[in-house]
Each structure stands twice: as structure tokens, then as C-alpha cells.
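What follows is each chain in one-letter form.
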Amino acid sequence: QVQLVESGGGLVQPGGSLRLSCTASGNIFILRDMGWYRQAPGKSRDLVATVSSDGITNYADSVKGRFTISRDNARKTVSLQMDSLNSEDTAVYYCNAVIKQFGSAPRDYWGQGTQVTVSS
């Protein structure tokens with residue numbers, strides 16, 4: 001079955017940078033949109049950024065100009081470069097991929113989440 005494996009989370013000071021990566025593997029017939037969502041304690045899981053299979057990107061207003069999403073279709077990997085981090089970026093970041101398996105309708109798959117903490 002499908003697995004999304006994330007890496008790159010950690011502790012960083014305000015103004016610092018982190019790069020998250022997520023690789024999809026398993027039974028993948030069609031890999032469509034990939035992206036990152038985040039959830040802070042007591043809050044909903046919100047979109048951070050997505051990128052389509054054709055490279056079209058979408059960002060939350062709160063991260064525009066600071067974060068950059070990219071993907072490598074050959075590696076089935078999506079990355080999120082996070083710059084100028086602030087305390088409001090502290091959250092668990094979840095990798096997301098829309099995947100169609102053969103004989104099934106497309107559905108969302110999620111990574112287990114990686115903690116990003118921005119603190120001085």
C-alpha cells in the first residue's frame with residue numbers, strides 16, 4: 001500500500017529555515033496533487049502549500065514569499081523550503097498526496113506528520 005515518509009522537521013530559531021521532504025511509495029497508479037498541511041495545538045489542519053503534477057503551486061497567504069514548494073515526479077517527492085520562520089509556523093506538518101490506485105477512485109493519503117518548532 002501507499003506510504004508517505006516525511007523528514008526535515010526540527011527546532012529552529014525565529015528567522016531561520018528548514019526544509020521538509022516527503023516521498024511517496026507503494027502501489028501508485030496516478031500521483032496527482034501533493035502538498036503540505038499543518039496543525040497547531042487546538043487548531044484545525046490547514047493548507048500550507050500544494051503543487052500539481054504539472055508544477056502549478058498554491059500557497060496559504062500566511063506563507064507566501066517565505067515558503068517554496070517543489071516536487072520531483074521521478075522520485076515521487078515533494079519538498080517545502082521554509083524561510084523566515086516565525087513562532088506562528090510552529091505546528092505539526094503533514095505531507096499530503098492525492099493518489100489513484102488501479103481500480104479505485106483517487107483519495108488523499110497522509111504522512112504521519114513532522115514537528116516544526118520555531119522558538120528562541
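Residues numbered from 1 in each chain as written. Predicted model: local features only at pLDDT ≥ 70, side-chain atom pairs only at ≥ 80, totals over all residues. Heavy atoms only, no water.

Caption draft 1: Molecular detail of the pairing of strand E1 (residues 3–7). Burial along E1 is one-sided: Leu4 and Glu6 are buried, while Gln3, Val5 and Ser7, pointing the other way, are not. By the bridge criterion, 5 bridges tie E1 to strand E3 (residues 18–25) in an arrangement that is antiparallel. Within E3, the residue paired with glutamine 3 across the bridge is serine 25. (Buried < 20%, exposed > 50% of the residue type's maximum accessible area, 1.4 Å probe, protein only. Helix = DSSP H or I, 4+ residues; strand = E, 2+ residues; numbered from the N terminus. Pairing = 2+ DSSP bridges.)

Caption draft 2: Looking closely at the nonpolar core. By size, the foremost hydrophobic cluster in this structure holds 32 residues, and its most contacted members are Trp36, Leu80, Met82 and Tyr93. Listing elements by their share of this core, those giving two or more residues are E3, strand E4 (30–39), strand E5 (45–51), strand E7 (67–72), strand E8 (77–82), strand E9 (91–100) and strand E11 (114–118). It is E9 that contributes the most residues to this core, 5 residues altogether. If sequence neighbours within four positions are ignored, methionine 82 has contacts with Gly16, Ser17, Leu18, Leu20, Arg66, Phe67, Tyr93 and Val116. (Core = buried A, V, L, I, M, F, W, Y, C linked by side-chain atoms within 4.5 Å. Contact = heavy atoms within 4.5 Å.)

Caption draft 3: Structural context of the packing of aromatic side chains. Following the criterion strictly, the structure yields 2 aromatic pairs and no others. Where phenylalanine 29 meets phenylalanine 102, the ring centres are 5.5 Å apart and the plane angle is 85 degrees; that geometry is what we call edge-to-face. With phenylalanine 29 in the loop between E3 and E4 and phenylalanine 102 in the loop between E9 and strand E10 (107–110), this pair connects stretches of sequence that are 73 residues apart. Take phenylalanine 29: its relative accessible area is 46%, and that puts it in the partly exposed class. Note on tyrosine 37 and tryptophan 110: the rings are 5.1 Å apart at their centroids and 70 degrees apart in plane angle, and the pair reads as edge-to-face. Residue tyrosine 37 is located in strand E4, and its partner tryptophan 110 is located in strand E10; the two are separated by 73 residues in the primary sequence. In this arrangement the basic side chain of arginine 45 is found over the ring face of tryptophan 110, its NZ or CZ atom lying 4.7 Å from the centre. (Phe/Tyr/Trp six-rings, centres within 6.5 Å; stacked < 30°, edge-to-face > 60°. Lys NZ or Arg CZ within 6 Å of the ring centre and 35° of its normal.)

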